[in-house]
Structure formats: structure tokens, C-alpha cells
Amino acid sequence: MNQIAITRTAVPKQPPADETLAFGKVFSDHMFLMNYEAGTGWHNPRIEPYAPFVLDPATCVLHYGQAIFDGMKAFRGNDGQIRLFRLGDHARRLNKSAGYLCIPELDPAMVEASIRALVEVDQRWVPSLPGTSLYIRPTVIATETFLGVHPSHSYVYYVIVGPVGAYYKEGMNPVSILASDTYVRAVQGGLGAAKTAGNYAASLFGAEEAAKAGYTQVLWLDGVEHKYLDEVGTMNIMLKIGDEVITPPLNGAILAGITRDSALTLLRDWGLRVSERPIAIDDVVAAARAGTLEMWGTGTAAVISPVGELGYKGERYIINGRQTGALTQKLYDTIVGIQYGTAPDPHGWARPLGNRLGG
Ligand code: COI
């Protein structure tokens, strides 16, 4: 990759107090940018002061949604060290999402370099209060101006970062989710496995209906039979019934969550019986009724989020007495410990900012 040109802001802002942080509302002083033109390829990598874009109203991303992104975090430990969690895996996933949307390949090494460089420039924006982090949003948008439907010939790759607290207003307290038998997020053969804008647009109407009924999120079921669990849109879903931990398989309709993979790896390290297999909503309801269900979500923004209530077909089921389950808490403590550098990191997931190895 070409050298990254850095232009620093002349008017640095004051980061908010860590205690006031919500999710995704404040952004740092700088952004990373790089352009793509057919024939030239990716070029002009640079860090500039954070600023709005000017886009022609006919810019194709505004009409046809050719856009991808990823989400990852940097953490400041008690030792003052900034650690990036599974940077290489996030860079590879962004490139995979690009493939689904006919966006030209992004070299994962370049994505890693762009994120390291931006976090280094804006490192004073990495908060230190437990539960806070710097959220990193690498994004690609199609920028050609035309109204025909075909892949764009030009793109902008950019990265923005901002300090965040918990994603849900509940924090680490159990959330309530509504399994929808009406709306669907994605179907196999579609874009469900890509981190693309349209998947989130597809979730909005169902999520609003769920919110009106008092739920935090929608548990999406498969798009064909409305029978098997897919994911929650803001997180993957996992549950424990008896001695088996179960999560839906990577069937092409759900995101290959990196926190999902971290949780599965730890659970297997701990010797638990872990199955990636289809799970019917009827079996989940039966386990909730029998009081044998523990359920949680996994995601970069959501971390490990306990599920305390499940709605389905007009009934509400309380899970684990609306308390965080023991396994959910252990997963949360272990992953957060690795992220902040207070727990052993046997898989080398949390890399200090200066350390250029692995991912
Ligand atoms: C993430 O967890 O990073 C996501 O992109 C999910 C989004 C709902 C914030």
C-alpha cells in the first residue's frame, strides 16, 4: 500500500466524559479515506480531519445500497495499553462482504494498516472506564453517479471511530426479544451473511413493531419456514438447553459473527458440548416453559448480552428468572477480560496497537 498521508485537524475536539458514553453518537477528530476507480484500483490512502461528504444526488449508493461495513473495537486496559480485538478477522470479513456486493477486493493488510493508523492518530479518544471502548467502523460506499442498476466503477473506503458505552439501554442486564413469525431479515441465497446496509434496512420495520410491543430486539427466524432461529440482527444468538450449547449454523443467511466465533472457541476450550445446528423456535419455547433455557446474544457492539424474555405468537416467556445465567456471565467476563488485558489470551485475540502480528 502507498504511504498514508496524514493531515491533522487544526481544531481538536474535547472527547466526552467516559461516564456519559452511549453507542455511536460521538466521533473522533479524524477519518481514514481511500478511493477506488476502475482502471486505477485503490489509491490515495489518507487520514484527514473528520468531515461530511458531498455526494451527487445520483450517487448510486443512495439508490441501490451498494455499501458494506464492519464493526470492531479498541480497548484501553488498566495498564494504559490500547488493544485491538481480532483486527485481522474483521479485515478479512470486510473483504468477504465486499465479494457479496460486487465491490472490488480490499486487501485485508491494507484494512488493518488503515485502522491501526487511525487509532494511533486518535488514541486520546480511546476511553478507559470499564465497559467503554473505541468503536471502529470501516465502510465502503459506491460513488459512481448513474441510475442504471449495475456495480459502481468508483468507491470510497473510509474508517470512522468514536468512544462508546453499552449498545443496549439495559447495559449488561437481560434484554427481551420477540421471535417474529411475520417479518424476515434475510433468506439463504441472499445477502444475510454480508455486513451490508440493506440487511439493517430490512430489520427496521419488524424492530419498530417489536419495540411497540415492549421488546428490545427481534429474533429473526428462517425466511422460508419461519421455524428455525437465524440471528438477532444486532447480534448472533446462542442458547443452552441441558448440557448442550446450541447456535444456528453459518447457513448463508446469518452473519459470521467474530464474537460468536470467540464464544464458541472458549466454550469448546472449556470442554462444553457445543452444536452449530438448526434449532426450532418450538424447542426453545418448550425449554423456556420447562425452565431449562439459558439464552444470550453475541456481537461486537452487544458483547455478550443475556436474554431475559422471549416473545412468540403472542406469549411472553421469562428466561432464567430474568437473571443473567452463569455461563453467560462467564463468557462475558472472559471475553471482556481478554479485551482489556486482564485475563489470559490463549488465542492471541487482543493485540496491542503497536504489535503488527496476527489477528
Ligand atoms: C456491531 O456489532 O459491530 C454491529 O455492526 C452491529 C450494529 C447493530 C451496531
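Note that the structure is a prediction, hence the values are computed from the model and not measured.

Caption draft 1: Examining the site of the ligand more closely. By nearness alone, every residue bordering the ligand is listed as Phe23, Phe69, Gly71, Tyr135, Arg137, Tyr167, Lys195, Thr234, Thr300 and Ala301. Tyr135 is positioned such that a nitrogen or oxygen atom in its side chain is 2.5 Å from an oxygen atom of the ligand. Within the contact set of the ligand, an oxygen atom lies 2.8 Å away from a side-chain nitrogen or oxygen of Lys195. Protein contacts shield 92% of the accessible area of the ligand, which totals 280 Å² for the unbound molecule. Applying the majority rule of atoms within 2 Å of the grid points places the ligand in the largest pocket. In terms of residue class, the shell around the ligand is made up of five nonpolar, three polar and two charged. No fewer than three residues from each of domain 1 (5-165 + 348-352) and domain 2 (175-324) sit in the shell around the ligand.

Caption draft 2: Structural detail: the pairing of strand 7 (residues 133-142). Of all the 10 residues making up strand 7, nine are buried; the element is thus mostly covered by neighbouring parts of the structure. Pairing between strand 5 (residues 72-76) and strand 7: three bridges, direction antiparallel. If you follow Lys73 over to strand 7, its bridge partner there is Tyr135. Pairing geometry for strand 7 and strand 8 (residues 154-164), over 10 bridges, is antiparallel.

Conventions we followed
- Here the residue index of a chain counts from 1 through its sequence in written order.
- Owing to the predicted nature of the model, reporting of local features is limited to residues with pLDDT of at least 70; listing and counting of side-chain atom pairs is limited to 80 or more, with chain, interface and lining totals taken over all residues.
- The side-chain quantities take in all heavy atoms of the structure and omit both hydrogens and water.
- The criterion for a residue being near a molecule or strand is simple. One of its heavy atoms has to lie within 4 Å of it.
- The term polar contact refers here to a pair of N or O atoms within 3.5 Å; inside protein, the definition further demands a hydrogen-donor-capable atom paired with an acceptor-capable atom, and it admits residues adjacent in sequence only when both atoms are side-chain atoms.
- In this description, accessible areas are obtained by the Shrake-Rupley approach with a 1.4 Å probe, and a residue is regarded as covered only by the protein chains that are shown.
- A cavity here means a set of points on a 1 Å grid, drawn over the protein atoms and nothing else, where a 1.4 Å probe fits but cannot get out; a pocket is an open set with protein on both sides within 12 Å along at least five of seven lines, and a residue lines either one if it has an atom within 4 Å of a point.
- The rule for placing a molecule in a cavity or pocket is simple: more than half of its atoms must lie within 2 Å of the grid points.
- Gly is put with the polar residues, along with every residue not named as nonpolar or charged; the nonpolar set is Ala, Val, Leu, Ile, Met, Phe, Trp, Tyr, Cys and Pro, and the charged set is Asp, Glu, Lys and Arg.
- Domain segmentation is taken from an automatic or database assignment of domains.
- Buried residues are those whose accessible area, probed at 1.4 Å on protein chains only, stays under 20% of the maximum for their type, while exposed residues exceed 50% and partly exposed ones sit between those limits.
- Secondary structure is summarised from DSSP: a helix means a run of H or I of at least four residues, a strand means a run of E of at least two, and numbering begins at the N terminus for each.
- Paired strands, in this sense, are two strands between which DSSP finds at least two bridges.

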